[in-house]
Amino acid sequence: MRIAVTGSSGLVGSALVRSLTADGHDVVRLVRRPPGRPDEVRWDPHAGTVDTASLGPVDAAVHLAGAGIGDKRWTAAYKRELRDSRVLGTEAVSRALAALEPAPRVLLAGSAMGYYGDTDDREVDESSPPGSGFLADLCTEWEAATAPALEAGIRVAHLRTGLVVSRSGGAWGRMFPLFKAGLGGRLGSGRQYWSFISLVDEVAAIRHVLDRADLAGPVNLTAPHPVTNAEATRAMGRALHRPTVFAVPPFALRAVLGDFADEILTGQRVLPKTLLDSGFTFRHPTIDTAIAAALNR
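In short, a report on the structure. (Residues numbered from 1 in each chain as written. Predicted model: local features only at pLDDT ≥ 70, side-chain atom pairs only at ≥ 80, totals over all residues. Heavy atoms only, no water.)

Structural notes on the pattern of salt bridges
Evaluated as defined, the whole model comprises 14 salt bridges. Glu-123 is paired through a salt bridge with Arg-269; the nearest N and O atoms lie 3.8 Å apart. With Glu-123 in strand E7 (residues 123-124) and Arg-269 in strand E16 (residues 269-270), this residue pair connects regions lying 146 residues apart in the sequence. The class of Glu-123 is partly exposed, set by a relative accessible area of 47%. For the salt bridge of Arg-238 with Asp-288, the shortest nitrogen-to-oxygen distance reads 2.9 Å. Of this pair, Arg-238 sits in helix H8 (residues 229-240) while Asp-288 sits in helix H12 (residues 287-295), and the two are 50 residues apart along the sequence. Given the relative accessible area of 47%, Arg-238 is considered partly exposed. Judged by relative accessible area, which is 37%, Asp-288 ranks as partly exposed. Shared partners join several salt bridges into a network, and the residues in it are Arg-29, Arg-37 and Asp-39. (Salt bridge = Lys/Arg side-chain N within 4 Å of Asp/Glu carboxyl O. Helix = DSSP H or I, 4+ residues; strand = E, 2+ residues; numbered from the N terminus. Buried < 20%, exposed > 50% of the residue type's maximum accessible area, 1.4 Å probe, protein only.)

See the structure below:
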């Protein structure tokens with residue numbers, strides 16, 4: 001297939017592009033800078049523009065672009081950037097795909113498990129309603145921004161991704177050096193659930209949804225056995241043979257992270273019902289196997 005991908009330089013996007021190209025697919029990368037390679041096409045999420053003339057027809061699109069949730073302290077300005085990069089970018093991609101002739105068959109649009117808000121120890125799946133809070137509201141608006149693609153008859157799936165376990169980037173990538181130095185520990189009470197997924201399973205799940213014409217709407221990209229932050233902390237200690245005696249108090253998190261601390265101190269116990277019902281098999285279903293896979297890459 002000819003597949004357009006945004007966010008191709010990110011942790012998940014770069015791994016996905018490698019996987020697709022290795023299997024012979026023609027990947028077109030949407031980039032925000034002037035294109036420097038034949039496989040790149042310019043787009044501007046804030047201006048709402050995509051160079052559709054250079055993009056040409058595509059069979060599918062995977063939209064993963066967006067400012068990093070944990071990259072900066074959450075101020076009012078950065079919250080606007082988080083919102084605009086996702087909602088405006090998704091609207092731009094959706095309108096551009098809807099205008100193509102012929103339209104692509106499918107759009108896989110990034111979303112996040114933050115859609116469910118704080119679930120405490122309650123299990124949720126794709127049938128569960130949205131929660132409350134900044135991330136839940138953002139995810140709801142983010143997913144709604146695919147309306148132009150839906151109206152054009154394009155199959156749309158929302159990838160509600162959990163914490164991706166990898167040493168190469170993302171929130172988990174920043175934790176590995178701390179734990180390796182013996183400075184890892186639980187965050188707050190540690191009772192909040194962390195729904196995770198290995199990078200290998202994340203890419204495999206995206207490709208599974210891409211290939212399955214019967215999968216549309218929300219799809220939770222999380223492993224089937226979510227754990228608490230305290231359990232994840234102990235698993236990291238076991239894997240790296242380091243103590244995990246430290247605990248970061250809530251006030252310290254808030255001082256460093258701003259409003260983002262409130263999201264870290266709450267959790268989501270998310271189950272991948274749609275993936276499992278569709279026959280997807282996880283290579284790393286537990287936190288121990290996911291961490292081991294990250295250490296072996």
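Focus on the environment of Tyr-78
Tracing the chain through its elements places Tyr-78 in helix H3 (residues 76-99). The exposure class of Tyr-78 is buried, given its relative accessible area of 6%. Spatially, the C-alpha atom of Tyr-78 lies 17 Å from that of Ile-264, the residues being 186 residues apart in sequence. Discounting chain neighbours no more than four positions away, the residues touching Tyr-78 are Ala-67, Gly-68, Ile-69, Asp-71, Lys-72 and Arg-73. Side-chain polar atoms of Tyr-78 contact the backbone oxygen of Gly-68, separated by 2.6 Å. (Contact = heavy atoms within 4.5 Å. Polar contact = N/O pair within 3.5 Å; in protein donor to acceptor, adjacent residues only side chain to side chain.)

Digging into the packing of helix H1 (residues 11-22) against helix H7 (residues 199-211)
The contact between H1 and H7 brings their axes to 10 Å, and the two run at 60 degrees. By the angle between their axes, H1 is oblique relative to H7. Relative to H7, the crossing made by H1 is right-handed. Only Leu-199, Glu-202, Val-203, Ile-206, Arg-207 and Leu-210 of H7 make contact with H1, whose side of the interface consists of Leu-11, Val-12, Ala-15, Leu-16, Ser-19 and Leu-20. Considered class by class, the residues forming the contact of H1 with H7 number nine nonpolar, one polar and two charged. (Axes fitted to C-alpha atoms, helices over the stretch in contact; angles between N-to-C directions. Parallel < 35°, antiparallel > 145°, perpendicular 65-115°, else oblique. Left-handed = near helix turned anticlockwise from the far one by under 90°. Nonpolar A, V, L, I, M, F, W, Y, C, P; charged D, E, K, R; others polar.)

Some details on the sheet that holds strand E13 (residues 217-221)
By definition, the strands of a sheet pair up through backbone hydrogen bonds, in either a parallel or an antiparallel sense. Here eight strands make up an open sheet; going across it, the order is E4-E3-E2-E1-E5-E6-E8-E13 and the pairing mixed. Among the strands making up the open sheet, the edge pair consists of strand E4 (49-50) and E13. Alignment of strand E2 (residues 26-31) against strand E3 (residues 40-44), held across three bridges, turns out to be parallel. Across the sheet, residue Leu-30 finds its bridge partner in E3, namely Val-41. Relative to the sheet, helix H4 (residues 134-144) contacts strand E6 (106-112) and strand E8 (155-161), its axis offset from that of E6 by approximately 170 degrees. (Pairing = 2+ DSSP bridges.)

Focus on the pairing of E3
Pairing analysis gives two bridges linking E3 to E4, with the strands arranged antiparallel. Looking at the pairing, Trp-43 lines up with Val-50 of E4. Taking the residues between adjacent antiparallel strands as the criterion, E3 and E4 are bridged by four residues, where Gly-48 takes a positive phi near 75 degrees.

Overview of a nonpolar patch on the surface
A surface patch of nonpolar side chains, about 410 Å² in accessible area, is lined by Leu-178, Leu-183, Val-245 and Phe-246. Counting through the fold element by element, Leu-183 comes out in the loop between helix H6 (170-180) and strand E10 (185-187). (Patch = residues over 30% accessible without salt bridge, like charges linked within 9 Å, V, L, I, M, F, W, Y side chains within 5 Å. Areas by Shrake-Rupley, 256 points an atom, 1.4 Å probe, with all protein chains shown as cover.)

Examining H6
Three or more residues of H6 are buried, namely Trp-172, Gly-173, Met-175, Phe-176 and Phe-179. The arc that holds the buried residues of H6, viewed along the axis, is 160 degrees, so those residues lie on one side. In the core, the buried residues of H6 are packed alongside strand E9 (163-165), E10, strand E11 (193-194), strand E12 (196-198), H8 and H12. Just downstream of H6 lies Gly-182, where phi reads positive at about 80 degrees. (Arc of directions from axis to C-beta.)

Some thoughts on the packing of aromatic side chains
According to the stated counting rule, one finds five aromatic pairs in the structure shown. With 4.8 Å between their ring centres and 35 degrees between their planes, Trp-74 and Phe-260 make a pair best called tilted. Note that Trp-74 is positioned in the loop between strand E5 (60-63) and H3 and Phe-260 in helix H10 (residues 260-264), a separation of 186 residues in sequence. Take Trp-74 and Phe-260: they sit in the same class, and that class is buried. Cluster of aromatic residues (ring-pair linked, three or more members): Trp-74, Phe-134 and Phe-260. Between the NZ or CZ atom of Arg-86 and the centre of the ring of Trp-142, over which it lies, the distance is 4.9 Å. (Phe/Tyr/Trp six-rings, centres within 6.5 Å; stacked < 30°, edge-to-face > 60°. Lys NZ or Arg CZ within 6 Å of the ring centre and 35° of its normal.)

The quantities given are spatial measurements derived from coordinates; they are silent on function.
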